[in-house]
Amino acid sequence: MPGRHVVVRNITRTNPKIVARLAEAGVSTVHEAMGRRGFAGTELRPNQTDVRIAGTAVTVSSHPGDNLMIHAAVETCRPGDILVVTTTSPSTDGMFGELLATSLAARGVIGLVTAAGVRDTTELREMGFHVWTRAVSAQGTVKASPGSVNVPVTLGGVLVSPGDVVVADDDGVVVVPRDEAEQTAVRAEERIAKEAATRDVLSSGELGVDYYGLRPRLAELGVSYVDRA
């Protein structure tokens, strides 16, 4: 019988081809394609700019101020994964830095999303290891408390299960459940095609209030146009 704290070595991951399609779409489009679900909140901010990635989630539940379970998670990672680190109570300590990033990069991990904090931010940018974090903090951590790896966790109010797709860019982070990933990719691609057509119309000079048929709505809401002398 496993104990209360576990490290699950093998997980079922989303098909890499589907992950790549979601990466191409980006956070905002995927969020809309899911019916405006999955967004992990405005507190998770990128440590870099102009980066868009998607990967399969390897999850970590840690004690606050303790990064022992991040170290335990490394051997479970595979190329294309994104490590998702949460804590059992709120924490902004710098639980992750250059050395852990080096270890993860050697396993093919493409990024980190954490509800806690990171440090060595300049070094992380220089080595091209992409991070989305709640905080930047020089406050160090210990390696003393048990936790779990590859169990369901909550990130910004969103449930993340091992193998789900995490999409991250300058707009933030969105989580796509593994069993919804293919359908979401299809809907995201349909949305991209629709927006391309809309972009052509708007670039020709047509007004959005006309293209979207918003003038009747404005009138219903009591909005009137007036000319001032």
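Preceding block: the structure.
Right, let's walk through the structure included here. (Residues numbered from 1 in each chain as written. Predicted model: local features only at pLDDT ≥ 70, side-chain atom pairs only at ≥ 80, totals over all residues. Heavy atoms only, no water.)

1. Quick word on the pairing of strand β5 (residues 111-118)
Right, so step 1: The buried fraction of β5 is high, at eight of eight residues.
Right, so step 2: Pairing between strand β3 (residues 81-87) and β5: four bridges, direction parallel. Paired with V84 across the bridge in β5 is V113.
Right, so step 3: Bridge analysis of strand β4 (residues 94-96) against β5 gives two bridges, and the strand direction is parallel. (Buried < 20%, exposed > 50% of the residue type's maximum accessible area, 1.4 Å probe, protein only. Helix = DSSP H or I, 4+ residues; strand = E, 2+ residues; numbered from the N terminus. Pairing = 2+ DSSP bridges.)

2. Examining the pairing of strand β2 (residues 53-62)
Right, so step 1: Counting buried positions over the 10 residues of β2 gives 10, a clear majority of the element.
Right, so step 2: Of the pairings in the sheet, the one linking β2 to strand β10 (residues 165-169) comprises four bridges and is antiparallel in character. Residue I53 lies in a different strand from β10, and its bridge partner there is A168.
Right, so step 3: Bridging between β2 and β3 involves seven bridges; their strand directions are parallel. Bridged to A57 within β3 is I82.
Right, so step 4: For the segment spanning β2, helix α3 (residues 68-73) and β3, crossover handedness is right-handed.
Right, so step 5: Across two bridges, the pairing between β2 and strand β7 (residues 148-149) is antiparallel. Bridge pairing in β7 places S61 opposite S148. (Right-handed = clockwise from strand over helix to strand, strands pointing away.)

3. Regarding the nonpolar core
Right, so step 1: The biggest cluster of nonpolar side chains holds 23 residues, and the ones touching the most others in it are I70, L83, F96, L104, L112 and F129.
Right, so step 2: Sorting the residues of this core by element identifies β2, α3, β3, β4, α4 (98-106) and β5 as the ones contributing at least two each.
Right, so step 3: Among residues more than four places away in sequence, those in contact with F129 are Q48, F96, A101, L104, A105, V109, G111, L112 and L124. (Core = buried A, V, L, I, M, F, W, Y, C linked by side-chain atoms within 4.5 Å. Contact = heavy atoms within 4.5 Å.)

4. A closer look at the pattern of salt bridges
Right, so step 1: The final tally for this structure, using the stated rule, is 10 salt bridges.
Right, so step 2: Between R21 and E189 there is a salt bridge, with its nearest N and O atoms 2.8 Å apart. Of this pair, R21 sits in helix α1 (residues 16-25) while E189 sits in helix α6 (residues 181-203), and the two are 168 residues apart along the sequence.
Right, so step 3: Its salt-bridge partner being R191, residue E32 comes within 3.9 Å of it at the nearest N-O pair. Placement of E32 in helix α2 (residues 27-33) and of R191 in helix α6 is noted, with a sequence separation of 159 residues between them.
Right, so step 4: Residue E32 is classed as partly exposed on the basis of its relative accessible area, which comes to 27%. (Salt bridge = Lys/Arg side-chain N within 4 Å of Asp/Glu carboxyl O.)

5. Here we look at the environment of V160
Right, so step 1: Tracing the sequence through the fold places V160 in strand β9 (residues 158-160).
Right, so step 2: Considering only alpha carbons, one finds V160 and V201, 41 residues apart in sequence, at a separation of 38 Å.
Right, so step 3: Setting aside chain neighbours within four positions, we find V160 in contact with A57, T59, V84, V151, P152, V153, L155 and V175.

6. Brief notes about unusual backbone geometry
The phi angle of most residues is negative, glycine excepted, and most peptide bonds adopt the trans form.
Right, so step 1: Here the phi dihedral of D120 falls at roughly 60°; this positive angle occurs in a residue that is not glycine.
Right, so step 2: Mapped onto the elements, D120 comes out in the loop between β5 and α5 (121-127).
Right, so step 3: Of note in the backbone geometry, N150 takes a positive phi value of approximately 60° without being a glycine.
Right, so step 4: When you line up the elements, N150 lands in the loop between β7 and β8 (153-155).

7. Some details on the side chain of N150
Right, so step 1: Taking the relative accessible area as the measure of exposure, N150 reaches 6% and is therefore buried.
Right, so step 2: In this structure the side chain of N150 is engaged in a polar contact, spanning 2.9 Å, whose partner is the backbone oxygen of V8.
Right, so step 3: The residues contacting N150, other than those within four sequence positions of it, are V8, I11, A57, V58, T59, T76 and P162. (Polar contact = N/O pair within 3.5 Å; in protein donor to acceptor, adjacent residues only side chain to side chain.)

8. Considerations on the packing of aromatic side chains
Right, so step 1: A complete count under the given rule lists two aromatic pairs for this structure.
Right, so step 2: Between Y211 and Y212 the ring centres are 5.2 Å apart and the planes differ by 75°, which places this aromatic pair in the edge-to-face class.
Right, so step 3: In this structure Y211 comes out as partly exposed when scored by relative accessible area, which is 33%. (Phe/Tyr/Trp six-rings, centres within 6.5 Å; stacked < 30°, edge-to-face > 60°.)

9. A closer look at a nonpolar patch on the surface
Right, so step 1: Together, L202, Y211, Y212 and L214 give the surface a local cluster of nonpolar side chains, amounting to about 360 Å² of exposed area.
Right, so step 2: Turning to its location among the elements, L202 is positioned in helix α6.
Right, so step 3: Under the relative-accessibility criterion, L202 is labelled partly exposed at 37%. (Patch = residues over 30% accessible without salt bridge, like charges linked within 9 Å, V, L, I, M, F, W, Y side chains within 5 Å. Areas by Shrake-Rupley, 256 points an atom, 1.4 Å probe, with all protein chains shown as cover.)

Limitation: the analysis is restricted to geometry and does not speak to function.
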